[in-house]
Amino acid sequence: MLLGDVFPNFEADSTFGKMKLHDFLGDSWGVLFSHPRDFTPVCTTELGRAAQLSPEFIKRNVKLMALSVDSLEEHHGWSKDIMAYNNAEPGSQFPFPIIADDRRELVERLGMLDPEEKDRSGMPLTARCVFVIGPDKKLKLSILYPATTGRNFDEILRVIDSLQLTAHNRVATPVDWRVRTSVWRLMRAVLILLSVCNVCGSALKPGNSVMVPPSIPETEAAALFPAGVYTKDLPSGKKYLRYTPQPNTQQQ
């Protein structure tokens, strides 16, 4: 699977019933992530954290889906353990579907196996894959972790914020960037307009603003970003480090 490819419209059994991927997603974004095995420690912490963050994904119009090579019966039993790990109220429902792939058809089709890590029977474990799928059903991002390394779901939220922002605005997000509130964006705009000194430059460090791609000429950038564009002076004399306040986010 390459970025921009249409994600396979697979059918599968899940803890939410039989599902067809594209129908399940509808107009939403989607995150499909695999884990090695049910009833294992790292996977329990991962799905527990994903369950805790489920309201944040919903806020962003994102549907979560987990997947492993375990059976539907095992998924249902394990999900109760996950909710207990989260100290949820007894009887609380697990908030998103876990797909059963006990025949290993999907994990092989989607390249999710970790050849270095094997279970007790010598079969390769499922790697910790993350696929972010857009409303157009195309792959927007993929991350691959080995079975031995747990994921950071706050980081997955962060990259979704970036994907949703840059899908509708001609900007790029720098290192460690996080989405900002409207109040913060207003403050950044005021700083740009009031000063072009080093103080302003330091206020517009990565993480506080977004970047203007080098492909946008200066005259076009001025029209595209009325809140202002700050260009960092560099020894090379090249004007490629250009910051602007974060535009309004749009979630599709």
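Our structure is the block above this text.
Here is a short report on the structure shown in this document. (Residues numbered from 1 in each chain as written. Predicted model: local features only at pLDDT ≥ 70, side-chain atom pairs only at ≥ 80, totals over all residues. Heavy atoms only, no water.)

A few words now on the sheet that holds strand β12 (residues 242-244). Reading across from one edge, β10-β12-β11 is the order of the three strands in this open sheet, with antiparallel pairing throughout. The open sheet has two edge strands, β10 (210-211) and β11 (230-231), and neither has a second partner. (Pairing = 2+ DSSP bridges. Helix = DSSP H or I, 4+ residues; strand = E, 2+ residues; numbered from the N terminus.)

Here we take up a negative patch on the surface. Negative charge collects at one region of the surface, where E73, E74, D102, E105 and E108 lie side by side. By the secondary structure assignment, D102 is in the loop between β5 (98-100) and α5 (105-109). (Patch = residues over 30% accessible without salt bridge, like charges linked within 9 Å, V, L, I, M, F, W, Y side chains within 5 Å. Areas by Shrake-Rupley, 256 points an atom, 1.4 Å probe, with all protein chains shown as cover. Salt bridge = Lys/Arg side-chain N within 4 Å of Asp/Glu carboxyl O. Lys, Arg positive; Asp, Glu negative; His and termini not counted. Charge placed at Lys NZ, Arg CZ, Asp CG, Glu CD.)

On the basis of which strands lie adjacent, the open sheet formed by seven strands has the order β2-β1-β5-β4-β3-β8-β9 and mixed pairing. Across the chains shown, the open sheet's two edge strands, defined by having one partner strand only, are β2 (17-20) and β9 (139-145). Ignoring strand direction, the axes of neighbouring strands in this sheet form an average angle of 30°. With three bridges joining them, strand β4 (residues 62-68) and β5 adopt parallel strand pairing. Within β5, the position partnered with L67 by the bridge is I99. Contacts from helix α4 (residues 72-85) reach β1 (11-14), β4 and β5, with the element oriented near 155° to β5. Of the strands in this sheet, β3 (29-34), β4, β8 (128-133) and β9 are in contact with helix α6 (residues 153-166), which crosses β3 at around 150°. (Axes fitted to C-alpha atoms, helices over the stretch in contact; angles between N-to-C directions. Contact = heavy atoms within 4.5 Å.)

Moving on: the packing of aromatic side chains. Taken as a whole and assessed by the stated rule, the structure comprises four aromatic pairs. Aromatic pair F33 and F153: ring centres 5.2 Å apart, planes at 70°, arrangement edge-to-face. With F33 in strand β3 and F153 in helix α6, this residue pair connects regions lying 120 residues apart in the sequence. One aromatic cluster is present, formed by F33, F94, F96 and F153 through successive ring pairs. (Phe/Tyr/Trp six-rings, centres within 6.5 Å; stacked < 30°, edge-to-face > 60°.)

Below, the discussion takes up the packing of helix α2 (residues 41-52) against α4. At their nearest, the axes of α2 and α4 sit 9 Å apart, and the two run at 70° to each other. As judged from the angle between their axes, α2 and α4 are roughly perpendicular. Like other packed secondary-structure pairs, α2 and α4 cross with a definite hand, here right-handed. Touching C43, T44, T45, L47 and G48 of α2 are W78, I82 and Y85, all from α4. Of the residues in the contact of α2 with α4, the class split is five nonpolar, three polar and no charged. (Parallel < 35°, antiparallel > 145°, perpendicular 65-115°, else oblique. Left-handed = near helix turned anticlockwise from the far one by under 90°. Nonpolar A, V, L, I, M, F, W, Y, C, P; charged D, E, K, R; others polar.)

Turning next to the nonpolar core. Ranked by size, the top nonpolar core spans 27 residues in total, and within it V31, F33, L47, F57, F94, F96 and V132 carry the most contacts. Only β3, α2, β4, α4, β8 and α6 provide two or more residues apiece to this core. Here this core gets six residues from one element, more than from any other, and that element is α6. Every residue in contact with F33, bar those within four places of it in the chain, is listed here: L47, A50, L64, M65, A66, L67, F96, C129, V130, R151 and F153. Formed by 20 residues, the second largest nonpolar core is a distinct cluster that contains F10, L32, I99 and L139. (Core = buried A, V, L, I, M, F, W, Y, C linked by side-chain atoms within 4.5 Å. Buried < 20%, exposed > 50% of the residue type's maximum accessible area, 1.4 Å probe, protein only.)

This part takes up the pattern of salt bridges. Summed over the entire model, instances satisfying the criterion amount to 11 salt bridges. Residue D161 is joined to R60 by a salt bridge in which the shortest nitrogen-to-oxygen separation is 2.6 Å. With D161 in helix α6 and R60 in the loop between α3 (54-59) and β4, this residue pair connects regions lying 101 residues apart in the sequence. Residue class for D161 comes out buried when judged on its relative accessible area of 10%. A residue is classified by how much of its surface remains accessible, and R60, at 11% relative accessible area, is buried. Overlapping salt bridges, with partners in common, bring together E56, K59, R60 and D161 in one network.

Sheet topology note: the β1/β2 ladder contains four bridges and is antiparallel. Within β2, the residue paired with S14 across the bridge is G17.

In this section: unusual backbone geometry. One non-glycine residue, F39, lies in the positive phi region at around 55°. The partly exposed category is assigned to F39, whose relative accessible area is 46%.

This part takes up the environment of D13. You can see D13 is positioned in strand β1. Considered as a pair, D13 and S71 are 58 residues apart in the sequence and their alpha carbons are 9.3 Å apart. When sequence neighbours within four positions are dropped, the list of residues in contact with D13 reads K18, L72, I98, I99 and A100. Engagement of the side chain of D13 in a polar contact is seen with the side chain of K18, the distance being 3.1 Å. (Polar contact = N/O pair within 3.5 Å; in protein donor to acceptor, adjacent residues only side chain to side chain.)

Any link to function would need more than the numbers given here.
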